[in-house]
Amino acid sequence: MRGKILNYYAGGNTAKGFYSLYDSALEGLNRLFILKGGPGTGKSTLMKKVGEEIVSKGIDIEFLHCASDNHSIDGIIIPQYKIGIVDGTAPHIIEPKAPGVIEEYINLGVAWNSSKLNENKTEILELNEAISEMFQKAYDSFAASLRAHDDIEEIYISNMDFAEANKLTNELISQFFGEQSLEKGAVVKHRFLGAATPEGAVDFIQNLTEDVKMRYFIKGRAGSGKSTMLKKIAAAGKERGFDVEVYHCGFDPNSLDMVIIRELNIAIFDSTAPHEYFPDRESDQIVDMYQRCITNGTDEKFAQEIERTSKAYKDKMKEAISYLAEAKALRDQLEAFYIDSMNFTKVETIQEELLEEIKQLIQ
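This structure is a prediction, so every number in the text was calculated from the model and none was measured.

A. Structural context of the overall build of the protein chain. The helix and strand tally for the protein chain stands at 11 helices and 16 strands. By the compact-globule yardstick of 21 Å for 363 residues, the protein chain fits well, its C-alpha radius of gyration being 22 Å. A principal-axis box enclosing the C-alpha atoms of the protein chain has dimensions of 70 × 50 × 35 Å. Here the protein chain, with 363 residues, has 53% of them falling under the buried criterion. Long-range pairs, those at least 24 residues apart, make up 80% of the contacts in the protein chain between residues at least 6 apart in sequence. Element-wise, carbon and sulfur atoms account for 49% of the exposed surface of the protein chain, whose accessible area totals about 17500 Å². Of the side chains in the protein chain, 41 bear a positive and 58 a negative charge, and the two mean positions are spaced by 1 Å.

If you want it as structure tokens, here you go:
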């Protein structure tokens, strides 16, 4: 029987620039292998192959996906054995806490031909600079999009019944936890459920909630208190000793999109665009914050203003995604230089040695 794969992001291209949650995602590991090497040196392929081997043995793993390349991963975690492998190159620089004891560096650069790379030094440097510029344009566009989004939020915030929102939140906290608490310290993990990628918005909500019995779909508008509600539910879970998975918004990392408390079999998430879902199980429930907490008729009263600001928000989002796509195309060109200079037989040897070491740790 195969193990299960949990998919999420630990870093994202956001309105605040590249935002890392790697410290939280990797916290508590007893062994962490940090891969070093340029683009195209086989880091993602190596991790996928190791992950597939582990899953085939019936062991659950987590894939940390890459927000800048839809077909790459940036890390894998084997939670049961507290083992991880991660891409330790920019922008997700991993600071080791106990090098040689917990963390171990694995340098794939030993498999490249430096002389061959030096023949293309000028093009490589130019591509690196162009990629950085393209990411900065994307971040600036996301920031402009967030400002437009804030304008939309203001409309709903000014028509919000905060007392009713607090009442609804307290009702859910009471419903979820009752008088329950656990005699242990809570483990809180911060992650992203999705990301803005070169191919648009991607999320893993269905995968992350696949085994969760009770799912609560929050409906509402920007500024209707969805994130604040999630923060309070996460805090209540932590206070009562329950392990909490906190999923941040891949656009605005200061906001939350989902909270999962697996010990209670509960997931509650923002189910509006770009990750809009509808109940498809008998146990699924809708939490409608617009209906409960926003003045009736707000959509109609401010329709023109909402349409104008929504267009500005969407236009800037599209622009930002186009810059991510351009960065990806440039990165593909950069990778080609490295791929051409690599001895992948050496990489396969490193992969086999790493897999063997992990198997020994598991045994």
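B. Unusual backbone geometry, seen in detail. Omega for the bond connecting A90 with P91 falls within 30 degrees of zero, at 5°, which places this linkage in the cis form. For P91, the location among the structural elements is in the loop between β7 (83-87) and β8 (103-107). Backbone geometry at K82 places phi at a positive 55°, although glycine is not the residue there. Here the phi dihedral of N265 falls at roughly 60°; this positive angle occurs in a residue that is not glycine. Mapping N265 onto the fold places it in the loop between β14 (256-261) and β15 (266-270).

C. The arrangement of the domain arrangement of the protein chain in detail. What the domain assignment reports for the protein chain is domain 1 (5-111 + 343-362) and domain 2 (161-294). Computed from C-alpha coordinates alone, the two centres of domain 1 and domain 2 are separated by 27 Å. Taken together, the 25 residues of domain 1 in the interface contact 24 residues of domain 2. Each partner contributes to the roughly 1900 Å² buried at the junction of domain 1 and domain 2, and carbon and sulfur atoms together form 56% of this total. Across the domain 1-domain 2 interface, the total number found is 1 salt bridge. The salt bridge involving E62 is made with R191; its shortest N-O contact spans 3.5 Å. Summed over the shared surface of domain 1 and domain 2, the result is 9 residue pairs in polar contact (both at pLDDT 80 or more).

D. Quick look at the pairing of strand β1 (residues 5-9). Within β1, 4 of the 5 residues are buried, which leaves it mostly tucked inside the rest of the structure. Two strands pair when backbone bridges link them, and β1 and strand β5 (residues 61-65) are joined in this way by 5 bridges, in the parallel orientation. Along β5, the bridge assignment pairs L6 with E62.

Scoring rules and cut-offs
- Residues numbered from 1 in each chain as written.
- Predicted model: local features only at pLDDT ≥ 70, side-chain atom pairs only at ≥ 80, totals over all residues.
- Heavy atoms only, no water.
- Helix = DSSP H or I, 4+ residues; strand = E, 2+ residues; numbered from the N terminus.
- Rg over C-alpha atoms; globule rule 2.2 N^0.38 Å.
- Buried < 20%, exposed > 50% of the residue type's maximum accessible area, 1.4 Å probe, protein only.
- Contact = heavy atoms within 4.5 Å.
- Areas by Shrake-Rupley, 256 points an atom, 1.4 Å probe, with all protein chains shown as cover.
- Lys, Arg positive; Asp, Glu negative; His and termini not counted.
- Charge placed at Lys NZ, Arg CZ, Asp CG, Glu CD.
- Domains from an automatic or database assignment.
- Buried area = accessible area lost by both parts, 1.4 Å probe.
- Salt bridge = Lys/Arg side-chain N within 4 Å of Asp/Glu carboxyl O.
- Polar contact = N/O pair within 3.5 Å; in protein donor to acceptor, adjacent residues only side chain to side chain.
- Pairing = 2+ DSSP bridges.

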